[in-house]
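Coordinate analysis (summary)
Residue strings, one per chain:
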Amino acid sequence: DTRKETLGFQTEVKQLLHLMIHSLYSNREIFLRELVSNASDAADKLRFEALAKPELLEGGGDPRIRISFDTDARTITIDDNGIGMSRDEVVSHLGTIARSGTADFLKNLSGDQKKDSQLIGQFGVGFYSAFIVADRVEVFTRRAGLPAAEGVHWSSTGEGEFDIATIDKPERGTRIVLHLKEDASEFASGWRLRSIIKKYSDHIGVPIELPEEFHGEEKDRPAEPEWETVNRASALWTRPRSEVTDEEYRSFYQHVAHDFSDPAAWSHNKVEGKLEYTSLLYVPSRASFDLYQRESPRGLKLYVQRVFIMDQAEEFLPLYLRFIRGVVDSSDLSLNVSREILQKDPVIGSMKTALTKRVLDMLDKLASNEPEKYAEFWKQFGQVLKEGPAEDAGNREKIAALLRFASTHGTDGEQTVSLADYIGRMKDGQNKIYYLTGESHAQVRNSPHLEVFRKKGVEVLLLTDRIDEWLMGYLTEFDGRSFVDVTRGDLDLGALDSEDDKKAQEEVSKSREGLVERLAKALDDQVAQVRVSHRLTESPAVLALGEQDIGLQMRQILEAAGQ
Ligand code: ADP
Ligand code: MG
């Protein structure tokens, strides 16, 4: 009984396959990186599960990934002795995409090949990239620990359905056979495979083996080839910084982040002393499509003494740094560490503090050394970083220094002004940082509240993101200067006025006492106070907020929520 079945791919898989095959045409070789990456993950998972259940190792076999090819038959075979998959796992892992938000993501693809190939890279192409070069893919797999008779054969042409059957598979692990398309026959070549492995997978910690070239006579060819390791096969983060090239750091990023754009920055550190751990942290250059979704993947890959423990360990970084990717390898944690333990262990707390500081320092460096790259970073992740001052009071000043704002100094509403820039442009006698929040840049730019500032040449930060008013609830000071909302109470711009200005203002106030009284009476229960203002130069009147009032943006949010 082989329990043969034909099943349909989930709709999202069909869409992804279609898009991938058509938009990744210029970068086809990445299929190998993806399949090797999966084989390496499978070795990691086996090593981890075998800690508790040594019988899963089935008597041995060091982890390795073997890649062979047959030029005449036009096939490439990728064979690993990792964790393997059960029948149920095959159906769900190689038939669906579990990640939430996928359907929305796919809807947003434009049909423009170049743009889409970038976006798909962000999504992580994974296993399905096999169909970039193959018109038929076969998978032979057996989960470690299951009997030999519970192997699984999966095969598909990538057009909507796949066949699945139960087979005998004596060796644990997964073998994938790619039947190459005619125009992809170039990949069934030893030197081509070797160069792709060197390029993308040199950092993989598991040996990747190719058959050794055989130069003798055909009749002497051995039945089983000699295998030769082609990658460096030592976990990249365990090597000294000076021995790792930028190229290697970049391709390692693509492996851990499932993103095939280059990272914007990275920081690799070995910490010794009371706590011992190595971290390799990356700032991506682009936000993933689900950055704002609650269950989107986040966190670091956790290793303990080089043994993979878990993906997406969230406990090492605060939420506002959830876009950071990378690896942390600890020597202090137990190999049996679980998510529950991570949440309670004080060691994790100290690591989190140190890693957070690392990231903030890395961003600070990026901002000062490569301002253009930082500007791009801000566009991608600025909104998330703005959650920082509320979440992480201890680093408020550091985070504030990383924020970028639109202001009256610029004209286009681009968020490019740092608080340091602002302070550098402060007028003599000015000791406050002025800001105005609102719905849109066009609206705040024309606000009558800005008139007096324009007249005095004082810069005002213009905040129009949804999160801004909430952010300003937590930012009270920067570099010893307090923040002042220009719509609130007395502005106290006195220090900026000349003696003549002051005298003139007093005279105006006196001469308008009668008017103020009449207005106060007429508007009695609608306003708290009426006063002569020196903040306007063109508009006759303006509504201002009291020092303690809820801001306008916040009011709208509360009203919308039915409060
Ligand atoms: P990802 O690696 O991001 O999870 P993939 O599309 O590359 O996505 O792989 C989907 C899933 O299929 C993996 O998460 C894993 O569970 C399973 N898988 C793929 N290749 C292998 C393999 N060689 N051995 C065991 N499981 C695998
Ligand atoms: Mg993968």
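Let me sum up the structure you'll find in this document. Nothing here was measured: the structure is a model prediction, and the numbers come from that model.

**Digging into the overall build of the protein chain**
Secondary structure summary: the protein chain contains 20 helices and 19 strands in total. For 563 residues, the compact-globule estimate of 2.2 N^0.38 gives 24 Å, and the protein chain exceeds it by more than 25% at 31 Å. When the backbone C-alpha atoms are referred to their principal axes, the protein chain occupies close to 110 × 50 × 40 Å. Out of the 563 residues in the protein chain, the part that is buried amounts to 35%.

**Side note on the site of ligand 1**
If you check the shell around ligand 1, you find 16 residues, and the closest are N38, A42, H93, G126 and F127. It is helix α2 (residues 30–52) that contributes the most residues to the shell around ligand 1, five residues altogether. The residue inventory of the shell around ligand 1, partitioned by class, reads five nonpolar, eight polar and three charged.

**Here we look at the packing of α2 against helix α7 (residues 190–201)**
At a minimum axis separation of 9 Å, α2 and α7 run at an interaxial angle of 65°. Handedness of the α2/α7 crossing: right-handed. When α2 is examined against α7, the residues L32, R33 and V36 are found in contact with a partner set consisting of I196, I197, Y200 and S201.

**Thoughts on the environment of Y128**
With respect to the helices and strands, Y128 occurs in the loop between α5 (113–123) and α6 (130–133). For the pair Y128 and A39, spaced 89 residues apart in the sequence, the C-alpha separation amounts to 14 Å. Discounting residues that sit within four places of it in the chain, Y128 has contacts with V13, L16, L17 and M20.

**Description of helix α1 (residues 11–23)**
End to end, α1 covers 18 Å across 13 residues, agreeing with the expected 18 Å (1.5 Å per residue, within 8%). When α1 is considered as a whole, its buried residues turn out to be V13, L16, L17, L19, M20 and S23.

**Structural notes on the nonpolar core**
When a protein is soluble and globular, its nonpolar side chains tend to lie buried together. Core analysis: the largest hydrophobic core is formed by 67 residues, its most contacted members being F316, I324, Y434, Y435, L436, V460 and L461. In this structure Y435 touches V460, L461, L463, M472, F483, D485 and V486, once residues within four positions along its chain are discounted. Judged by nonpolar contacts, the second largest core, of 61 residues, contains F9, L17, F162 and I204.

The rules behind the values
Residues numbered from 1 in each chain as written. Chains lettered and ligands numbered in written order. Predicted model: local features only at pLDDT ≥ 70, side-chain atom pairs only at ≥ 80, totals over all residues. Helix = DSSP H or I, 4+ residues; strand = E, 2+ residues; numbered from the N terminus. Rg over C-alpha atoms; globule rule 2.2 N^0.38 Å. Buried ≥ 20, exposed ≤ 12 C-beta atoms within 10 Å, placed from the backbone. Near = placed C-beta within 6 Å. Nonpolar A, V, L, I, M, F, W, Y, C, P; charged D, E, K, R; others polar. Axes fitted to C-alpha atoms, helices over the stretch in contact; angles between N-to-C directions. Left-handed = near helix turned anticlockwise from the far one by under 90°. Contact = placed C-beta atoms within 7 Å. Expected span 1.5 Å × (residues − 1). Core = buried A, V, L, I, M, F, W, Y, C linked by C-beta atoms within 7 Å.

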